[in-house]
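# Residue-level structure breakdown
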Amino acid sequence: MKASELHLKTLKEAPKDESAINAQLLIRAGFIEKLTSGVYDFLPLGLRVIKKIEDIIRIEMNNLGGQEILMAALQPQKNWEQTTRWKTFNALFKVKSQYEQWYALGPTHEEVVTPLAKQYILSYKDLPLSLYQIQTKFRDEPRPKSGLLRTREFIMKDLYSFHRDEQDLDNYYEKVKKGYLKIYQTMSLPVILVEASGGTFSKYSHEFQVVAEAGEDTIYYCPHCGFARNEEIIGDLKKCPKCGHQLEKVKGIEVGNIFKLKDKYAKPFDLKFIDADGHEKIVLMGCYGLGISRLMGALVEMSHDSDGLIWPETVTPFKYHLLPLLSGEAKIDKAILKLSKTIYEKLIRQQAEVLYDDRVGVSSGEKLVDADLLGIPYRLVISPRTIRNNSLEIKNRKTGKTKTITAATLLKNI
Ligand SMILES: [Zn+2]
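Structural notes, computed from the coordinates. (Residues numbered from 1 in each chain as written. Predicted model: local features only at pLDDT ≥ 70, side-chain atom pairs only at ≥ 80, totals over all residues. Heavy atoms only, no water.)

### Things to note about the overall build of the protein
- On a plain count of helices and strands, the protein comes out with twelve helices and 23 strands.
- Overall, the protein is about 85 × 55 × 45 Å in size when its C-alpha atoms are taken along their principal axes.
- Looking at the protein as a whole, 51% of its 414 residues qualify as buried.
- Long-range contacts, defined as pairs at least 24 residues apart, comprise 66% of the intrachain contacts of the protein with a sequence gap of at least 6.
- Looking at the protein as shown, the accessible area adds up to about 20,100 Å², and 50% of this sits on carbon and sulfur atoms. (Helix = DSSP H or I, 4+ residues; strand = E, 2+ residues; numbered from the N terminus. Buried < 20%, exposed > 50% of the residue type's maximum accessible area, 1.4 Å probe, protein only. Contact = heavy atoms within 4.5 Å. Areas by Shrake-Rupley, 256 points an atom, 1.4 Å probe, with all protein chains shown as cover.)

### Regarding the sheet that holds strand β4 (residues 74-76)
- Across the sheet, three strands lie side by side as β4-β6-β5; this open sheet has antiparallel pairing. This sheet does not close on itself; its edge strands, each paired only once, are β4 and β5 (93-96). With direction set aside, neighbouring strand axes in the sheet form an average angle of 40°.
- In this structure, β5 lies alongside strand β6 (residues 102-105), joined through four bridges in antiparallel fashion. The partner of Lys 94 across the bridge, within β6, is Ala 104. (Pairing = 2+ DSSP bridges. Axes fitted to C-alpha atoms, helices over the stretch in contact; angles between N-to-C directions.)

### Description of the coordination of the zinc ion
- Summarising the metal site, the zinc ion is bound by the protein donors Cys 222 (SG), Cys 225 (SG), Cys 240 (SG) and Cys 243 (SG), whose distances to it range over 2.3 to 2.4 Å.
- Of note is the zinc ion, whose four donor atoms meet at the metal with angles of 101 to 118° in an arrangement that counts as tetrahedral.
- Mapping the donors of the zinc ion onto the primary sequence yields the spacing C-x2-C-x14-C-x2-C. With Cys 225 in the loop between β11 (217-221) and β12 (228-230) and Cys 240 in the loop between β12 and β13 (248-262), this pair connects stretches of sequence that are 15 residues apart. (Donors = N, O, S within 2.8 Å, 3.2 Å for Na, K, Ca; no water. Tetrahedral: all angles 85-135°; square planar, octahedral: opposite > 155°, others 65-115°.)

### As for the pairing of strand β1 (residues 32-36)
- In this structure, β1 lies alongside strand β2 (residues 39-42), joined through four bridges in antiparallel fashion. Bridge pairing in β2 places Thr 36 opposite Val 39.
- In sequence, β1 turns back onto β2 through a hairpin of two residues, with Gly 38 there showing a positive phi of about 75°.

### Side note on the side chain of Ser 391
- With respect to the helices and strands, the residue Ser 391 is situated in strand β22 (residues 391-396).
- Residue Ser 391 is classed as buried on the basis of its relative accessible area, which comes to 4%.
- Beyond its immediate sequence surroundings of up to four residues, Ser 391 is in contact with Leu 339, Ile 382, Thr 386, Thr 404, Ile 405, Thr 406 and Ala 407.

### Quick word on helix α9 (residues 330-349)
- Helix length check: α9 (20 residues) gives 28 Å between terminal C-alpha atoms against 28 Å at 1.5 Å per residue, within 8%.
- Residues of α9 that are buried: Asp 333, Ile 336, Leu 339, Ser 340, Ile 343, Tyr 344 and Leu 347. What you see down the axis of α9 is that its buried residues fit within an arc of 135°, all on one side. Turned more than 90 degrees away from the buried face of α9, the exposed residues are Ala 330, Lys 331, Lys 334, Lys 338 and Arg 349.
- At its buried positions, α9 is contacted by β19 (320-324), β20 (354-356), β21 (378-382), α11 (384-387), β22 and α12 (407-412).
- Gln 351 sits one or two positions beyond α9 and adopts a positive phi of about 60°. (Expected span 1.5 Å × (residues − 1). Arc of directions from axis to C-beta.)

Below, the structure written as structure tokens:
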């Protein structure tokens, strides 16, 4: 893609009303825009990252046997009354239509997926069943302040599983746990598995947390064996219950959580099946959430420097950032632009993801500053110095290492 087509515009200063690093950098680099407090628009570069994250997640959900669906965000009040969560769910976004009907803007979808599953599940032969979606969700947050880490509107993947007995639920839960770890690993995001409250229906749930100062959760973590538990259920535990080592108190960004719901939602919606013995039994459920826009924020918190963003290769909007740096001397500049165009077209033909800074009237200094800010993994610079040998300089954004190679070598090694 050409930077001129992208209408790339970056900001030198961070917006004054953003204190979170992730929002500051993403807004400055033109990935997102703030519409209002806790509500962001995703611009072309930002949406490319979101789509990459979604694709990584989708592969794993399909591996887990999940069927992708898309449920409604606008949910009737009666469904939420049925589970009593209309009154008890703290951050539920409630809207009243002009025709006197109340709705919830879905923060989660148990109230929709459970009655929906009744249409699929009649007998034990219909189990297990896994349904997932990637969707916009809402929470009526009082004071969003952490950029993409806590918003009123966000993109999330939620998976729901349905089982005939506890054993089947337990097995699936462990599989999902492994699948989640694979997702974070693919994004080069270091996470720890944290025990959290299982609510009234299960002893523990599990959270996937990124240890970071920007996090809003407090975790007690054992650096010796990796045990970790969320502060809300830790009590006055000082030593690791697994190995006896002193626990460390750290801040975490929650980037995923998994729950064994058991019969919590199956009961109010009367979700039952006929087992092999002919008896009617309650269906057991699990739910597994993964915040996609929050993940994008967490990736930025974990991978940036004072110059800007540093994207891991698997989620970057583009792999290469091609920069022709001009000299002002017509003959040299003509050669630089010619080689840049050739390389760009060849990269495109090889289906490499490349952003070509073809902007006119933008200085070399500005192009280099913007390249650091955008954080694309490989910067390809064609300058008056490199053009003499028909070569270019390739720079790794993460390590800062540079190498001069010929155009032919580059194209051979894409
Ligand atoms: Zn330990």
